[in-house]
Amino acid sequence: MSDFKKLEVWRKAHALVLNVHRVAIAIRGPNYAGLRSQLIRASMSIPTNIVEGNGQRTTLEFGRFIRIALNSASELEYHLIITRDLQLISVSDFATLSAQTIEVRKMMHGLLRHLSRKSSKSGGTEGPDVVV
């Protein structure tokens, strides 16, 4: 099993969380507390699921957690869109965070393809010792 901190996709997802958090906490007003929370929670779910998946015993199990992380990335992308449309964040912050989210999502799709090839070769029984 590899150290999750060696996964480039995890490092990018972690940086995304830090940037989302910085922008989310700047959103003011009690009416937006739920949206702030959802932005942070969706972003944190991405690297959290990468870490949890990396700790699984098989590539198939790792892939399941990557798919969950992908769903969280899609959720985050929507939260960013609604936040932009409500004019709660700047166009610049939206563009940066959206680009980061898309980059992480693309990397996770690549990781899934890698895991799928690895799983088909081993019957899904090998551990997720992947550095992508």
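Below, the structure is looked at part by part. (Residues numbered from 1 in each chain as written. Predicted model: local features only at pLDDT ≥ 70, side-chain atom pairs only at ≥ 80, totals over all residues. Heavy atoms only, no water.)

## Some thoughts on the pattern of salt bridges
Right, on to step 1. Taken as a whole, this structure holds five salt bridges when the rule is applied.
Right, on to step 2. With a closest N to O distance of 3.2 Å, Asp 3 and Lys 5 form a salt bridge.
Right, on to step 3. The closest approach of N and O atoms between Asp 85 and Arg 84, which form a salt bridge, is 2.9 Å.
Right, on to step 4. Under the relative-accessibility criterion, Asp 85 is labelled partly exposed at 48%. (Salt bridge = Lys/Arg side-chain N within 4 Å of Asp/Glu carboxyl O. Buried < 20%, exposed > 50% of the residue type's maximum accessible area, 1.4 Å probe, protein only.)

## What to know about the packing of helix α1 (residues 8-24) against helix α2 (residues 33-54)
Right, on to step 1. Running from amino to carboxyl end, α1 crosses α2 at an angle of 165 degrees, the nearest separation of the two axes being 9 Å. When the axes of α1 and α2 are compared, the pair comes out roughly antiparallel. Crossing geometry of α1 relative to α2 is assigned as left-handed. Here α1 contributes Val 9, Trp 10, Ala 13, His 14, Leu 16, Val 17, Val 20, His 21 and Ala 24 to the contact with α2, which in turn contributes Arg 36, Leu 39, Ile 40, Ser 43, Met 44, Ile 46, Pro 47, Ile 50 and Val 51. (Axes fitted to C-alpha atoms, helices over the stretch in contact; angles between N-to-C directions. Helix = DSSP H or I, 4+ residues; strand = E, 2+ residues; numbered from the N terminus. Parallel < 35°, antiparallel > 145°, perpendicular 65-115°, else oblique. Left-handed = near helix turned anticlockwise from the far one by under 90°. Contact = heavy atoms within 4.5 Å.)

## Remarks on the nonpolar core
Right, on to step 1. Counting 30 residues, the largest nonpolar core has Leu 39, Ile 46, Ile 50, Ile 66, Leu 76 and Met 108 as its most contacted members.
Right, on to step 2. Taken together, the elements giving at least two residues each to this core come down to α1, α2, α3 (59-85) and α4 (91-122).
Right, on to step 3. Once residues within four sequence positions are removed from consideration, Leu 39 is found in contact with Val 20, Ala 24, Ile 27, Leu 76, His 79, Leu 80 and Thr 83. (Core = buried A, V, L, I, M, F, W, Y, C linked by side-chain atoms within 4.5 Å.)

## Some remarks on the packing of α2 against α3
Right, on to step 1. Put simply, α2 and α3 touch, their axes get as near as 8 Å, and they point 160 degrees apart. As judged from the angle between their axes, α2 and α3 are roughly antiparallel. In this structure, α2 crosses over α3, and the sense of that crossing is left-handed.

## Description of the side chain of Arg 105
Right, on to step 1. Along the chain, Arg 105 falls in helix α4.
Right, on to step 2. Leaving out residues up to four positions away in the same chain, Arg 105 has contacts with Leu 70, Ala 73, Ser 74 and Glu 77.

## Overview of α1
For an α-helix, the turn length of 3.6 residues means that residues three or four places apart are oriented alike.
Right, on to step 1. The terminal C-alpha atoms of α1 lie 24 Å apart, and with 17 residues this matches the ideal 24 Å at 1.5 Å per residue to within 8%.
Right, on to step 2. Residues of α1 that are buried include every one of Val 9, Trp 10, Ala 13, Leu 16, Val 17, Val 20, Val 23 and Ala 24, and no others. All buried residues of α1 lie within an arc of 145 degrees about the axis, which places them on one face of the element. (Expected span 1.5 Å × (residues − 1). Arc of directions from axis to C-beta.)

Shape is all these values report; function is a separate question.
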